[in-house]
Amino acid sequence: MTKRGGAFALLLGLCAAPHTGAAQAAAAPAAITSDAGAGRAVWDTAPPRVAVPAPLPSRGAAFASRIARQALAYLGRPYRWSGLGGRGFDCSGLVVRVFGALGVSVPHSSSGQYQAGRAVPAASLGPGDLVFFRTYTSGPSHVGIYLGARRFIHASVSRGVIVSSMDDPYYRRRFLGARRY
């Protein structure tokens, strides 16, 4: 390999760094050599793989509609710490009850639900997605079920099961992320 070919290989390795991660980027130049006769880079082994996120699972419009209808059936129920519905709901208990009625098992804590679900970009929110907020801790401490049109249903400590807007300044400032089951 010529001196120029080595520089070319190093440049290719540096260009790959954002896609392959720091550890692989350091190793990438060793995987590339220069074909001095043709003036081009040649892979000694297979090129590094770039991780492509898997598409979000699609629940379908009918399932999302059933989630919304099920959740709205509890509108007005009182708030109850750790409640699963008998005398009221807490935020994660509402989610457990709604999804459980449709055969989907989810943890009974907002942080557990946040960890177990598949991340959804805010621009891709759909009815039935879970929306999470930082309220009294640094991590997910409140959860609701997105209904569409920037609205979500949740169990509010002060008002029970209600529908709120994602654009409400309180929730907009505290929005943490969304998950799909």
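That block above? That's the structure.
What counts and how
- Note that residues are indexed from 1 along each chain, following the sequence as it is written.
- Confidence filtering applies because this is a predicted model: local features only for residues at pLDDT of at least 70, side-chain atom pairs given and counted only at 80 or more, and all residues used for totals across whole chains, interfaces and linings.
- Computation of side-chain values: all heavy atoms of the structure, hydrogens and water removed.
- Each helix is a run of DSSP H or I of at least 4 residues and each strand a run of E of at least 2, with the numbering of both proceeding from the N terminus.
- Only protein chains enter the calculation, and the probe is 1.4 Å; a residue is then buried if its accessible area is under 20% of its type maximum, exposed if over 50%, and partly exposed in between.
- Two residues qualify as a contact provided that any one of their heavy atoms is within 4.5 Å of a heavy atom in the partner residue.
- Computed by Shrake-Rupley with a 1.4 Å probe, the accessible areas treat only the displayed protein chains as cover when residues are assessed.
- One requirement defines pairing of two strands: DSSP has to find at least two bridges between them.
- Lines are fitted to the C-alpha atoms to define the axes, a helix being fitted only along its stretch in contact, and any angle between axes, read from their N-to-C directions, falls within 0 to 180 degrees.
- Buried residues of nine kinds, namely Ala, Val, Leu, Ile, Met, Phe, Trp, Tyr and Cys, make up a nonpolar core once their side-chain atoms join them within 4.5 Å.
- A side-chain nitrogen of Lys or Arg and a carboxyl oxygen of Asp or Glu constitute a salt bridge if their distance falls within 4 Å.

J.: Would you mind going over the overall build of the protein with me for this structure?
T.: Regarding its fold elements, the protein presents six helices and eight strands. Each helix and strand of the protein, placed in order from N terminus to C terminus, yields the pattern α-α-β-β-α-α-α-β-β-β-β-β-α-β. The buried share among the 181 residues of the protein stands at 39%. Relative to all contacts within the protein whose residues are 6 or more apart in sequence, the contacts with residues 24 or more apart total 50%. With an accessible surface of roughly 10,100 Å², the protein has 57% of that area assigned to carbon and sulfur atoms.

J.: Mind showing me how you'd approach the side chain of R180 here?
T.: Relative to the helices and strands, R180 resides in strand β8 (residues 175-180). Given a relative accessible area of 12%, R180 falls into the buried group.

J.: I'm lost on the sheet that holds strand β4 (residues 130-133) in this one. Help?
T.: In sheet architecture, strand pairing relies on hydrogen bonds along the backbone and comes in two forms, parallel and antiparallel. Here we have six strands laid out as an open sheet, ordered β3-β8-β4-β5-β6-β7, and antiparallel in their pairing. Two strands in the sheet have a free side with no partner beyond their single neighbour: β3 (118-120) and β7 (160-165). Across the sheet, the axes of successive neighbouring strands diverge by a mean angle of 35°, strand direction being ignored. Direction of pairing for β3 relative to β8: antiparallel, over a ladder of three bridges. Paired with A119 across the bridge in β8 is R179. Packing of helix α3 (residues 61-72) onto the sheet brings it into contact with β5 (142-148), β6 (151-156) and β7, and relative to β5 it is tilted by some 120°. Lying over the sheet, helix α4 (residues 91-101) contacts β4, β5, β6 and β7, oriented at roughly 50° with respect to β5.

J.: What is the right way to look at the nonpolar core in this model?
T.: One recurring pattern in soluble globular proteins is that nonpolar side chains are buried together. The biggest cluster of nonpolar side chains holds 23 residues, and the ones touching the most others in it are I67, V95, V98, F99, L130 and I145. Elements supplying a minimum of two residues to this core: α3, α4, β4, β5 and β6. Sort the elements by how many residues they give to this core and α4 lands first, with five residues. If we ignore the near neighbours within four places in the chain, the residues touching V95 are G100, V106, Q113, L130, V143 and I145. Counting nine residues, the second-largest nonpolar core is a separate cluster that includes V120, L125, V131 and F133.

J.: I tried to follow the pattern of salt bridges on my own but got confused; where do I start?
T.: Side-chain pairs of opposite charge can arise whenever the charged atoms involved come near each other. Going through the model one piece at a time under the given rule, you end up with two salt bridges. Linking D129 and R180 is a salt bridge whose minimum nitrogen-to-oxygen distance equals 2.7 Å. Of the two residues, D129 is situated in the loop between β3 and β4 and R180 in strand β8; the sequence distance between them amounts to 51 residues. Across this residue pair, the class does not change: D129 and R180 are buried. Here R150 and D167 are joined by a salt bridge, their closest N and O atoms 2.8 Å apart. Pair noted here: R150 is in the loop between β5 and β6 and D167 is in the loop between β7 and α6 (169-174), with a separation of 17 residues, a long-range link. Its relative accessible area of 36% is what places D167 among the partly exposed residues.

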